[in-house]
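Tertiary structure, described
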Amino acid sequence: MRHRLQFTAKKLIRMALLLLGVSLTAFLLMDASPLDPLQTNVGQTALGSMSSEQIARLEEYWGANTPAAERYLGWLGSALRGDLGVSLLYRRPVPEVIGQRLANSLWLLVLAWALSGAAGLALGVLAGASRGRWPDRLVRGWCLLISSTPAFWLALLLLMVFAVWLKVLPVGLSVPIGAAAPTLAQRLRHALLPVLTLSITGAANIALHTREKVVDVLDSDYILFARARGEKHILRRHVLRNVALPAITLQFGSIGEIVGGSVVVEQVFSYPGLGQAAVAAGLGGDMPLLLGITVITAALVFGGNLVADLLYGVVDPRIRRGAARG
Amino acid sequence: MKPILTVENLSVSFTRYGRGLSRVELNPIRRLSLAVEPGQVAAVVGASGSGKSLLAHAIFYLLPRNARVSGTLLYDGVPLTRPLAESLRGRELALIPQGVTYLDPMMKVGPQLCRGQRDQASRLRCRQALGRYGLGPEVEELYPFQLSGGMARRVLIASAVAGEPRLVVADEPTPGLDLRAAGRVLGHFRELAGQGAGVLFITHDLNLALTVADKIVVLQNGQTVDEVPACALQKGEGLTHPYTRALWRAMPQNAFDPGEEVGGP
Amino acid sequence: MKNRRKNALILLFFACLLLLAITLAGGALSETASETNFAHKNLSPCPAYPFGIDWMGRDMLARTLAGLSLSIRVGGLTACVSAAIALALGTACALSGGWVDDLISWLIDLVMGVPHILLIILISLACGQGFWGVTAGVALTHWPSLARLVRGEVIQLCAAPWFRMSRRLGVSRGQLLRDHLLPHLLPQFLTGLILQFPHAILHEASVTFLGFGLPPEKPAIGVILEESMAYLTTGRWWLALFPGLTLVAVVALFALMGERLRLLLAPASAQD
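So, how was this worked out
- Residues numbered from 1 in each chain as written.
- Chains lettered and ligands numbered in written order.
- Predicted model: local features only at pLDDT ≥ 70, side-chain atom pairs only at ≥ 80, totals over all residues.
- Helix = DSSP H or I, 4+ residues; strand = E, 2+ residues; numbered from the N terminus.
- Buried ≥ 20, exposed ≤ 12 C-beta atoms within 10 Å, placed from the backbone.
- Contact = placed C-beta atoms within 7 Å.
- Rg over C-alpha atoms; globule rule 2.2 N^0.38 Å.
- Pairing = 2+ DSSP bridges.
- Axes fitted to C-alpha atoms, helices over the stretch in contact; angles between N-to-C directions.
- Parallel < 35°, antiparallel > 145°, perpendicular 65-115°, else oblique.
- Nonpolar A, V, L, I, M, F, W, Y, C, P; charged D, E, K, R; others polar.
- Core = buried A, V, L, I, M, F, W, Y, C linked by C-beta atoms within 7 Å.
- pLDDT = per-residue confidence, 0-100.
- Left-handed = near helix turned anticlockwise from the far one by under 90°.

1. A short note on the overall build of chain A
In terms of helices and strands, chain A carries 15 helices and zero strands. Out of the 326 residues in chain A, the part that is buried amounts to 40%. Within chain A, counting contacts between residues at least 6 apart in sequence, those at least 24 apart form 74% of the total.

Here it is, written out as structure tokens:
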């Protein structure tokens, strides 16, 4: 048990360090960008009509004259207290904007994450178990095709077919315009195409990797011995059991891809989620919001990796028993 | 006595890619013949890389898909076809593999032995099989990584013979074991033969084979070059084939000299 | 029995030829791609204009080819740069060990922790967007997985008994690297390089589509598809269908080439 706690603590410290690194990198990148905080925040015309005294005051407010290191430490200090600054685009505190956007996106992300994982696992096991035969060729061909397809084009294609051509689904927006409290059915209807796009793209990668693992397991000595002993249900008893560990890694490792995909897909479907906010923040020079979104997203990805590591300890008897003994 | 297993002119070949576009034909087993009678331990002795494991896998129809097989396999006088082998695996046909990698690392020993059957009778049978090789019921709760080398070997034997095999194929079951432990394992084979099973013992170690086998089949480059009674080899009498003679001379107690004949002891 | 390796070689040859043809044709057509002709606009595909005409009277076939050419060139540049970074950092990691290894491994985790698209946006913003922004973004984000692979290979090789023996016999490390490490690493590296192409091209297109990449006056696929969004609801499907479809074909071709190359360069593999 102590061993597990130590392991978890180590992982948490590493995660905190990585997050620190991400925030510093993002901060420095934004600092390097030629976007002038004064111009993007106040606006070119407003700036032109101001006196130099006013401009100097604003420059001080936006910290244009303080060195980057000092400003980063300032940001870090307030961030640790939960203050990520004020979004310039939405004129509200960044955590508030992120919270609301994330609540919208969460639907989409969780559904797509679960669906792509389940479909990817199923397709991968199917392909691996029928290696070299037509189901395998079909799945591999499909995965190659999908992983060569940009997510936004797939989104456009689905949009053309279902919303424009067949007219069965709405073009976009997570809620119908004007509706105050959307019902569950409405939410689902509007999230359907984005979820479908993200699931299709996400599943291809998981399926290909799962297939490799299944093939490895099927080539193993213990499968040979199981067959030599005339065992039935080898797939269920041995293959799935041994594919479980890599599947956990794949599933929790796919969080980054799903979130990354949502940036593009939300843009196509004009879905008011976190990804769309990231694009808007980038285009509008809203540095505090973009920084906040980057850090939160990285936290999600690292959190996923951490959960995978911890789950390993539960699922893998070598770690579970090994720790119990030590 | 009528052999339980007859192998006639067995050949196994693969095609592999060499570098670039070239393809190489590999013939690890060529025209291999042997017979195992009930109650007999027949040892197949050959150098490492002489295709010995493939022989075991061929009998069980477990060769990789890209292998090409020709020749005749007879089980109890009838052709051993793939469907027949599949129906016999785990019942009359038992394989004893090399080591712990042949156990599923994610599954406890008990359930692995029971092959998924949870009824009282099969669980009792598994417990008895373990007990026969000196393993207590607590072993059922262990994962393979918790077994010592000797324990793992005994678990493998137990799991192979939990049914009532008429033919046991043991594929190099002793490497990594010390002499005493190896002796115990071989004793178990003798025991199985004593109960009427035919045992095919595949090894690279002639000395070891002599301690347990009734007859020795000598392989060279995947080909049967000689089949001699164990007693003849022990005494070094009546060895006609030069390779067998060389093998015999290479044994530590017989001058240790694989070179040309300089007059035996 | 047919020789799959020979088939792979033939496929590689024709794929290269096709991609080269697209690159050259697109480059030559970059002028035509921007030519407007308001006399005939909004034409759906017909024999004279198989990909149709857009709302400004531009030939979509020329625009698509020019866009693909641009994609392949940007993809090639970024894939090469990121592969070079991967090779340098991966080898440095494996050979120096200690804190260098820790630091680079940490950096790999860091880059992999932020979704590619977000990181590319950030880097592109830092570089002032446009061609160099997106090129820097894609090149600086795609090296980690290949670097990890290189690191693993080099460590494995250095731990091999013959390697340590040669070192002890006085063979210099540089010589060992040149004579053994590079030839051993080259096949994997080449395959990795080719397999970077699809990701690089797709990410460039995505980032351009979002508005952080190539400028709108360039006939990039991302730009073409972004512009088509406004016309989809009015039923001008050809503006999005063909450019996207050909992009998928080009990317899939690169992915297929990478896979076949792996098959060809594998030292010895069973016939399957």
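2. Notes on the overall build of chain B
Assigned secondary structure in chain B consists of nine helices and 10 strands. Relative to the compact-globule value of 18 Å for 265 residues, chain B shows a C-alpha radius of gyration of 19 Å, a close match. Along the first, second and third principal axes, the C-alpha set of chain B runs to 60 × 50 × 40 Å. Summarising the internal contacts of chain B: among those between residues at least 6 apart in sequence, 66% fall at separations of at least 24.

3. Brief notes about the environment of Trp55(C)
Residues and elements named next belong to chain C. Note that Trp55 resides in the loop between helix H2 (30–34) and helix H3 (60–96). You can call Trp55 partly exposed: it has 16 C-beta atoms within 10 Å. Those residues within four positions of Trp55 in sequence are excluded, and the remaining contacts are Lys41, Asn42 and Tyr231.

4. Considering the sheet that holds strand S4 (residues 68–75) of chain B
Pairing between the strands of a sheet is mediated by backbone hydrogen bonds and can be parallel or antiparallel. All names here are of chain B. Here four strands make up an open sheet; going across it, the order is S2-S1-S4-S5 and the pairing antiparallel. One side of each edge strand has no neighbouring strand; the edge strands of this open sheet are strand S2 (23–36) and strand S5 (78–79). Looking at chain direction, strand S1 (residues 5–17) and S2 are connected through nine bridges and run antiparallel. Across the sheet, residue Arg16 finds its bridge partner in S2, namely Val24.

5. Focus on the pairing of S1(B)
In the sheet, S1(B) pairs with S4(B) via seven bridges, with the strands oriented antiparallel. The partner of Val12(B) across the bridge, within S4(B), is Val69(B).

6. Some points on the packing of helix H12 (residues 255–268) of chain A against helix H13 (residues 274–284) of chain A
Residue and element names in this part refer to chain A. Contact pair H12 / H13: the axes reach a minimum separation of 7 Å and the direction vectors enclose 85 degrees. Here H12 lies roughly perpendicular to H13, going by the angle between them. Between H12 and H13, the contacting residues are Ser262, Val263, Glu266 and Gln267 on the first element and Gly275, Gln276, Ala278 and Val279 on the second. Taken together, the residues of the contact of H12 with H13 break down into three nonpolar, four polar and one charged.

7. Topic: the interface of chain A and chain C
Where interface size is quoted, it is often the accessible area lost as the parts come together. Counting from both sides, the interface comprises 40 residues of chain A and, opposite them, 36 residues of chain C. Elements supplying a minimum of two residues to the side of chain A that touches chain C: helix H1 (2–32), helix H7 (134–147), helix H8 (151–165), H12, H13 and helix H14 (287–315) of chain A. Among the elements that make up the side of chain A that touches chain C, the one with the highest residue count is H1(A) (eight residues). Tallied by class, the residues present in the side of chain A that touches chain C amount to 27 nonpolar, 13 polar and no charged.

8. Remarks on the nonpolar core
Core analysis: the largest hydrophobic core is formed by 228 residues, its most contacted members being Val168(B) and Phe201(B). Counting residues per element, this core draws most heavily on H3(C), which supplies 16 residues. Aside from chain neighbours lying at most four places away, what touches Val168(B) is Ala94(B), Ile96(B), Ala160(B), Val161(B), Leu192(B), Ala197(B) and Val199(B).

9. So, the confidence of the model for chain B
Residues and elements named next belong to chain B. Mean pLDDT over chain B stands at 82; residues scoring 70 or higher make up 93%. This stretch, residues 260–265, has a pLDDT under 50; its non-local contacts, to residues over four places away or in other chains, come to three contacts. Scored as a complex, the prediction yields pTM 0.86 and ipTM 0.88.

10. Here we look at the packing of H1(A) against helix H5 (residues 116–126) of chain C
Close contact between H1(A) and H5(C) brings their axes to 7 Å; oriented N to C, the two are set at 35 degrees. In the packing of H1(A) onto H5(C), the handedness of the crossing is left-handed. Packed against H1(A), whose contacting residues are Ala26(A), Leu29(A), Met30(A) and Ala32(A), the element H5(C) presents Leu122(C), Ile123(C), Leu125(C) and Ala126(C) at the interface. Within the contact of H1(A) with H5(C), the residues separate by chemical class into eight nonpolar, no polar and no charged.

11. Describing the sheet that holds strand S6 (residues 93–96) of chain B
Residues and elements named next belong to chain B. The strand order across the open sheet built from six strands is S6-S7-S8-S3-S9-S10, with neighbouring strands paired in mixed fashion. In this open sheet, the two strands that pair with only one neighbour each are S6 and strand S10 (223–229). The average angle at which neighbouring strand axes cross in this sheet is 20 degrees, direction not considered. Across the face of the sheet, helix H6 (residues 179–194) comes into contact with strand S3 (41–45), strand S7 (167–171) and strand S8 (198–203) while running at roughly 155 degrees to S8.

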